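# Structure at a glance
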Amino acid sequence: MADWTESALRRRLTRRLFLGSTAAVAATGLLVACGGSDEDSTATTAPSASTPGGGGAATAPAEATSAGTETSGSPETGAGGTPTTGGSILIGTLGEAGTINPIAASQSEDYFRCSLIYEQLVRLDPATYEPKPSLASQWEVNDLTFTFTLHDNIMFSDGSNLTADDIAFTIQAMLDTKNASPRQSRLMSIEGAKEFADGSATEVSGVKVVDPTTIEITLAEPDASILFNMYYVRPLPKALLEGKDLSKASTDPFFQNPVGAGPFKFVSWTVGADFVGERNEHYYQEGKPYLDKFTHRTITDSQALVNSLLSGDIDGSVYPSPSGADQLKANADLEVLVPPFGSPDGWIFNFKNEYLAKKEVRQAIAYALDMEQFAKDSLYGLGAAGTGPVAPGNFVYDSSLTPHPYDMDKAKELLDQAGPPPSGIKFMVNQGNVLREDFLTLTQAQLSKLGWEIEPVVIEYATAVDQVTARSYDVAESQMVGAGITIDPGDLASYYETDGSANYAGYSNPDLDKLFDEARTTLDVEKQKDIYAQIQQILVEDLPATYSWYRPYLHVVKKKFAGYVDSNLSNGLFAELENVYIKEG
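A brief report on the enclosed structure follows. The numbering scheme is per chain: residues are counted from 1 as the chain's sequence reads. A pLDDT threshold of at least 70 governs which residues receive local features in this predicted model, and a stricter bar of 80 or more applies before side-chain atom pairs are shown or counted, although totals over entire chains, interfaces and linings include all residues. Note that water and hydrogens are dropped before the side-chain values are worked out from all heavy atoms of the structure.

Residues of helix α10 (residues 408-418) that are buried: Met-408, Ala-411, Leu-414, Leu-415 and Ala-418. Projected onto a plane normal to the axis of α10, the buried residues spread over an arc of 125° and lie on a single side. Turned more than 90 degrees off the buried face of α10, the exposed positions are Asp-409 and Asp-416. On its buried face, α10 is in contact with α8 (359-368) and α11 (434-449). Two or three places before Asp-409, at the opening of α10, Asp-407 has a side-chain oxygen 3.2 Å from that residue's backbone nitrogen. Exposed residues in this analysis have more than 50% of their type's maximum accessible area, buried residues have under 20%, and partly exposed residues fall in between, with area computed by a 1.4 Å probe over protein chains only. Strands here mean DSSP runs of E at least two residues long; helices mean DSSP runs of H or I at least four residues long; both are numbered from the N terminus. What the arc describes is the spread of directions from the helix axis to the C-beta atoms. Any two residues whose heavy atoms approach within 4.5 Å at even a single point are treated as in contact. In protein, a polar contact requires one atom able to donate a hydrogen and another able to accept it; more generally it is a pair of N or O atoms within 3.5 Å, and residues adjacent in sequence count only if both atoms are side-chain atoms.

Following this line, the structure appears as structure tokens:
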């Protein structure tokens, strides 16, 4: 698989105004090659942070590959004539969502469904990951103040107006500690956010509604990731939800029939089966979505997804088992794309367990696992052994990282230092993900050789995620909730900072906290790379999670569909489903 760090370009921007899809640049952008050049490739560009938050730490994605053949250039797109209106798509997914409450969303299925029902304030381009307009038609930056201007006449799916008050309400809901939003940390750089979160203020001083279509957000300090974090602001209607419980535990009937401003409106959700939406006639992008309906079907076995694609029972999926690659490629009705590696899978450890809180134990587990052999035996030639918490294509990826090599003698030595393991420690993965089940089998066998009999747990995806987010687990497959980053390195803070809102390990390292603070406020790209190199080295040494293997994905869709761009954003080529249509003929 091509490593695009050698060919991607990053753009240093000093943006002061972003209008529609074009930027008025206050100073000349500087293009710098990222680690070399590849004259045979078409380089894409990624923004970095040279305003207090404009551009942030994005990276260009690796080149997608079609039908398993590596190609250079931009990601694969489903081009196909003039877009047509009508029809439906049935997308198969491996795990069930846990919520369609955008305040509480914590995993990929949550995010995807929320993105269809609720529109973002700011989007990320699926090809470059650059922040781009969405509900906000433009933004201006003046020192630490961002002024977002909304499109005129935006409506929720019930026909009521969406205004800047709804944006402010949603941001405050994300910051409200009693809602326990996993995204709270992402907005803590806003002026007054910390005081509001700790209860010493009744409102967020840095959020100001200027008029119905204008909102000002003032930061307490520079934040290189702030525009990326606006991607998670999916407005809820203040008129319907003010004063109500917006946590994941909410029993408010709103979330049984939600109202949003996304391209589709909610129809039904049969847990364990189909999530259905239909075209939102009030969607702000005229003429979109092109499809009349989507169905997101849970099929909790990756091989069953392969079979459903081959039989035509579903139209597409980003989760079929890689073992079916050859069969899928041989089907003339299917387009098969191989996306670049994202952040690696591994084990995340709950530091509530005193034994697992010992670094020697976590390192022993890493030494006991031969990931090179696992990649050969279980990843079908499409995956690889992992290195650290950052995807190989990201501009801050530290290529000098040395993961713990396979060494059973070293593993035994470390376990001897830690003392005998207590009985009953559970290692958990989600049912139906064959690769993760194989990883669990490998781990159980290897630790047994060291005299450690673990308790393997294979359960339904949403239940597993709930246990991790509630910290009622011992060891869990890390990528069920995220323990590494693909796009914005600033996300690492939410996972590993002492007070990070997605720190489900309960890990704390004061030295790392200082580096996260430094990275957040550093706007120079080269300095960011140096800081994040130190962060990666600490994480690979401390191992609050292991970074064991790069999961291979196949993104598959029937050839009759067009309008998509393959991506590492949540749900890949379906990330912007409003642009997908059925080809004529």
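Below, the discussion takes up the packing of aromatic side chains. Put simply, two rings from Phe, Tyr or Trp (the six-membered ring, in Trp's case) pair if the centres are within 6.5 Å, and we call them stacked under 30 degrees between planes, edge-to-face over 60, tilted for the rest. Enumeration over the complete set of coordinates arrives at 23 aromatic pairs. Seen in terms of ring centroids, Tyr-231 and Tyr-232 are 5.1 Å apart; in terms of plane orientation they differ by 80°. Their pairing is edge-to-face. Residue Tyr-231 shares its accessibility class with Tyr-232, and that shared class is buried. Between Tyr-283 and Tyr-284, the aromatic rings sit 5.1 Å apart at their centres with planes inclined by 65°, giving edge-to-face as the arrangement.

The next thing to look at is the nonpolar core. To define a nonpolar core, start from buried Ala, Val, Leu, Ile, Met, Phe, Trp, Tyr and Cys residues and group those joined through side-chain atoms within 4.5 Å. Judged by nonpolar contacts, the single largest core of 93 residues is most densely connected at Leu-121, Phe-148, Ile-171, Ile-190, Met-230, Phe-574 and Leu-577. Ranked by the residues each element gives to this core, the list is headed by helix α2 (residues 164-175), at eight residues. Among all residues touching Phe-574, those that are not within four sequence positions of it are Ile-89, Ile-91, Phe-112, Gly-316, Ser-317, Val-318, Val-556 and Val-557. Within the second largest apolar cluster, 72 residues are counted, among which are Ile-459, Val-468, Leu-492 and Leu-512.

Quick look at the packing of helix α9 (residues 371-378) against α11 now. Helix axes are fitted only over the stretch in contact, all axes being lines through C-alpha atoms; the angle between N-to-C directions runs from 0 to 180 degrees. α11 packs onto α9 with a crossing angle of 135° between their chain directions and a minimal axis gap of 11 Å. With respect to α11, the axis of α9 lies oblique. For the pair α9 and α11, the crossing hand works out as right-handed. Across the interface between the two elements, Met-371, Phe-374 and Ser-378 from α9 touch Leu-435, Asp-438, Phe-439 and Leu-442 from α11. Considering only residue class, the contact of α9 with α11 consists of five nonpolar, one polar and one charged. Our angle categories are set so that under 35 degrees counts as roughly parallel, over 145 as roughly antiparallel, 65 to 115 as roughly perpendicular, and the remainder as oblique. By convention the crossing between two helices is left-handed if the near helix lies anticlockwise of the far one by an angle smaller than a right angle, and right-handed if it lies clockwise. All residues other than Ala, Val, Leu, Ile, Met, Phe, Trp, Tyr, Cys, Pro, Asp, Glu, Lys and Arg, Gly among them, are scored as polar; the first ten of these are nonpolar and the last four charged.

When the charged atoms of two side chains lie near each other, side chains of opposite charge can form a pair. One side-chain nitrogen of Lys or Arg within 4 Å of one carboxyl oxygen of Asp or Glu is enough to make a salt bridge. Inspection of the entire model under this criterion finds 21 salt bridges. The residue Asp-542 makes a salt bridge to Lys-359 at a minimum N-O spacing of 3.7 Å. A residue pair is termed long-range when its members are at least 10 positions apart, and Asp-542 in helix α15 (residues 525-542) and Lys-359 in helix α8 qualify at 183 residues. Ionic pairing is found between Arg-520 and Asp-517, a salt bridge with its closest N-O pair at 2.9 Å. Residue Arg-520 and its partner Asp-517 are both found in helix α14 (residues 510-521); the two are separated by three residues, about one turn of the helix. A network of salt bridges, in which partner residues are shared, links Glu-119, Arg-123, Lys-132, Glu-576 and Glu-578.

Before going further, it helps to spend a moment on the environment of Glu-281. Structurally, Glu-281 is set in the loop between β15 (274-279) and β16 (293-298). Judged by its relative accessible area of 48%, Glu-281 falls in the partly exposed class. Along the chain, Glu-281 and Phe-156 lie 125 residues apart, while their C-alpha atoms are 9.8 Å from each other.

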